[in-house]
Amino acid sequence: AQTVTQSQPEMSVQEAETVTLSCTYDTSESDYYLFWYKQPPSRQMILVIRQEAYKQQNATENRFSVNFQKAAKSFSLKISDSQLGDAAMYFCAYRSAMAGNQFYFGTGTSLTVIP
Amino acid sequence: EADIYQTPRYLVIGTGKKITLECSQTMGHDKMYWYQQDPGMELHLIHYSYGVNSTEKGDLSSESTVSRIRTEHFPLTLESARPSHTSQYLCASSYISYEQYFGPGTRLTVT
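On a predicted model such as this, the values are computed, not experimentally measured, just so you know.

**Considerations on the sheet that holds strand 1 (residues 4-7) of chain B**
Residues and elements named next belong to chain B. Taken together, the 4 strands give an open sheet; going across it, the order is 1-3-8-7, and neighbouring strands pair in antiparallel fashion. Of all strands in the sheet, those bounded by a partner on one side alone are strand 1 and strand 7 (65-66). Two strands pair when backbone bridges link them, and strand 1 and strand 3 (residues 19-25) are joined in this way by 4 bridges, in the antiparallel orientation. Bridging across to strand 3, Thr-7 finds its partner in Glu-22.

Structure representation (structure tokens):
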């Protein structure tokens, strides 16, 4: 089975600064999808950003961008101009492109934004 | 926000009771999932379904059961609740658009 590793259980960032959350994964597949999800305290889990493995260009969504290094199996999330509303648990996830495509989640990184 | 709903949102129940957690989605997604998550912790997949009349157990052993009689509905049942079942239960669905959409969760407390 694929594994997803988030080595930073907790991170903090000053408001308006930039922070990078790390994620590595293990797979023998060449075609897959990677995701970052955000789960604010006591609120719904929502998708932040998605990356297709076949795309060389890094995905961006407003202040959120990824650094996708396929050879290194690394998928980090960069949050620019951090805001108080960015405080949440962030989960990295992997999904195979093959049929029977189960999702695999990392253990999460708790992000604190300091005013 | 995605159209996936879970009821109840909060449930406190005594040991030995039978409970059903409801999950419905209006997006026509064929795949649905149940996760168990303790507060601030990782997600554990307990059941999933790839379509009507298709259900599979996930990675985490669970005493719960699921059914998928209709595409939009994926209820989870605990025949006899125990304090060890106290947790948050998240329902999710997905389709060809790849990502999973999550419901708001049910926070279960078994006393």
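Having seen it, we continue.
**Some words on the environment of Arg107(B)**
For Arg107(B), the location among the structural elements is in strand 11 (residues 106-110). By relative accessible area, Arg107(B) is classed as partly exposed at 27%. As for Arg107(B) and Pro8(B), which are separated by 99 residues in sequence, their C-alpha atoms are 8.3 Å apart. If near-sequence neighbours (up to four positions away) are discounted, Arg107(B) is found in contact with Ser42(A), Arg9(B), Tyr10(B), Leu11(B), Pro39(B), Ser87(B) and Gln88(B).

**So, the state of the cysteines**
Following the criterion strictly, the structure yields 2 disulfides over all chains and no others. Across the disulfide from Cys23(A) sits Cys92(A); the S-S distance is 2.0 Å. The S-S bond linking Cys23(A) to Cys92(A) shows a torsion near -70°; that makes this disulfide left-handed. With Cys23(A) in the loop between strand 3 (19-21) and strand 4 (24-26) and Cys92(A) in strand 10 (residues 88-96), the pair connects residues that are 69 residues apart, well separated along the chain. Between the sulfur of Cys23(B) and that of Cys91(B) lies a disulfide, 1.9 Å long from S to S. Sign of the S-S torsion, about -75° for the bond between Cys23(B) and Cys91(B), identifies this disulfide as left-handed. One end of the pair, Cys23(B), is in strand 3; the other, Cys91(B), is in strand 9 (residues 87-94), and 68 residues separate them in sequence. Neither residue differs from the other here; Cys23(B) and Cys91(B) are each classed as buried.

Conventions and cut-offs
- Residues numbered from 1 in each chain as written.
- Chains lettered and ligands numbered in written order.
- Predicted model: local features only at pLDDT ≥ 70, side-chain atom pairs only at ≥ 80, totals over all residues.
- Heavy atoms only, no water.
- Pairing = 2+ DSSP bridges.
- Helix = DSSP H or I, 4+ residues; strand = E, 2+ residues; numbered from the N terminus.
- Buried < 20%, exposed > 50% of the residue type's maximum accessible area, 1.4 Å probe, protein only.
- Contact = heavy atoms within 4.5 Å.
- Disulfide = S-S within 2.5 Å.

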